[in-house]
Amino acid sequence: MQKTSLTALARHELEHAQTGSSGRSAKTVFGGREHTLRQTLIALRSGETMGDHESPGDATVHVISGRIELTTADASWTGWNGDLIIVPEQTHNVRALEDSVFLLTVAKG
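Our subject in this report is the structure included herewith.

Conventions and cut-offs
Residues numbered from 1 in each chain as written. Predicted model: local features only at pLDDT ≥ 70, side-chain atom pairs only at ≥ 80, totals over all residues. Heavy atoms only, no water. Helix = DSSP H or I, 4+ residues; strand = E, 2+ residues; numbered from the N terminus. Rg over C-alpha atoms; globule rule 2.2 N^0.38 Å. Contact = heavy atoms within 4.5 Å. Lys, Arg positive; Asp, Glu negative; His and termini not counted. Charge placed at Lys NZ, Arg CZ, Asp CG, Glu CD. Pairing = 2+ DSSP bridges. Axes fitted to C-alpha atoms, helices over the stretch in contact; angles between N-to-C directions. Core = buried A, V, L, I, M, F, W, Y, C linked by side-chain atoms within 4.5 Å. Buried < 20%, exposed > 50% of the residue type's maximum accessible area, 1.4 Å probe, protein only.

1. Considerations on the overall build of the protein chain
Moving on, step 1. In terms of regular secondary structure, the protein chain is built from one helix and eight strands.
Moving on, step 2. Over its C-alpha trace the protein chain gives a radius of gyration of 13 Å, about what one expects of a compact globule, namely 13 Å for 109 residues.
Moving on, step 3. In terms of principal-axis extent, the alpha carbons of the protein chain reach across some 35 × 35 × 25 Å.
Moving on, step 4. The contacts of the protein chain with a sequence gap of at least 6 include a subset with a gap of at least 24, amounting to 62%.
Moving on, step 5. The centroid of the 10 positive side-chain charges in the protein chain is displaced by 8 Å from the centroid of its 13 negative side-chain charges.

Written out as structure tokens, the structure reads:
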């Protein structure tokens, strides 16, 4: 069994996002290419976006800290600390409305 402190990891990744030139930082917590399930902790500095992209499977975003906006062509959702957003199966983007960290969980089909 493996245990990870998401709180400590979120703090670490947010520090990297705040000081890095890209304004973002990410760490795979579980899974990867060889697994069906992948969980990635993503930190974005306020105002940064992930840009338009597709989801490779069923996905959720769990906001650990901060506030984000997930947007599609015809809808948007704002997530705050503790919120869980089900990612739509269409092109979408994520923007940090303030310094934010979230856990992206993807189950490839």
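What follows continues from the structure just given.
2. What to know about the sheet that holds strand β6 (residues 84-86)
Moving on, step 1. Spatially, β1-β2-β8-β3-β6 is the arrangement adopted by the five strands of the open sheet, whose pairing is antiparallel. If you trace the sheet from one side to the other, it starts and ends with β1 (24-31) and β6, each paired once. Strand-to-strand twist of the sheet, defined as the mean angle between neighbouring strand axes without regard to direction, takes the value 20°.
Moving on, step 2. In this structure, β1 lies alongside strand β2 (residues 37-44), joined through seven bridges in antiparallel fashion. Looking across to β2, one finds that T28 is bridged to T40.

3. Observations concerning the nonpolar core
Moving on, step 1. Among the nonpolar cores identified, the biggest contains 14 residues, and L44, V61, I68, L70, V94, F102 and L104 are the most heavily contacted of them.
Moving on, step 2. Secondary structure elements with two or more residues in this core: β2, β3 (57-65), β4 (67-71), β7 (93-96) and β8 (100-108).
Moving on, step 3. In contact with L44, other than residues within four places in its own chain, are L14, A17, G23, R24, M50, V94, A96, E98, D99, S100 and F102.
Moving on, step 4. In this structure, A10, A17, L41 and A43 belong to the second largest nonpolar core, which totals eight residues.

4. Description of the pairing of strand β5 (residues 76-80)
Moving on, step 1. Inspection of the sheet shows β4 paired to β5 by five bridges, in the antiparallel sense. In the sheet register, T71 faces β5, and the bridge partner there is S76.

5. Quick look at the sheet that holds β5
Moving on, step 1. On the basis of which strands lie adjacent, the open sheet formed by three strands has the order β5-β4-β7 and antiparallel pairing. The open sheet is flanked by β5 and β7, the only strands paired with a single partner. Across the sheet, the mean angle from the axis of one strand to that of its neighbour is 20°, orientation sign disregarded.

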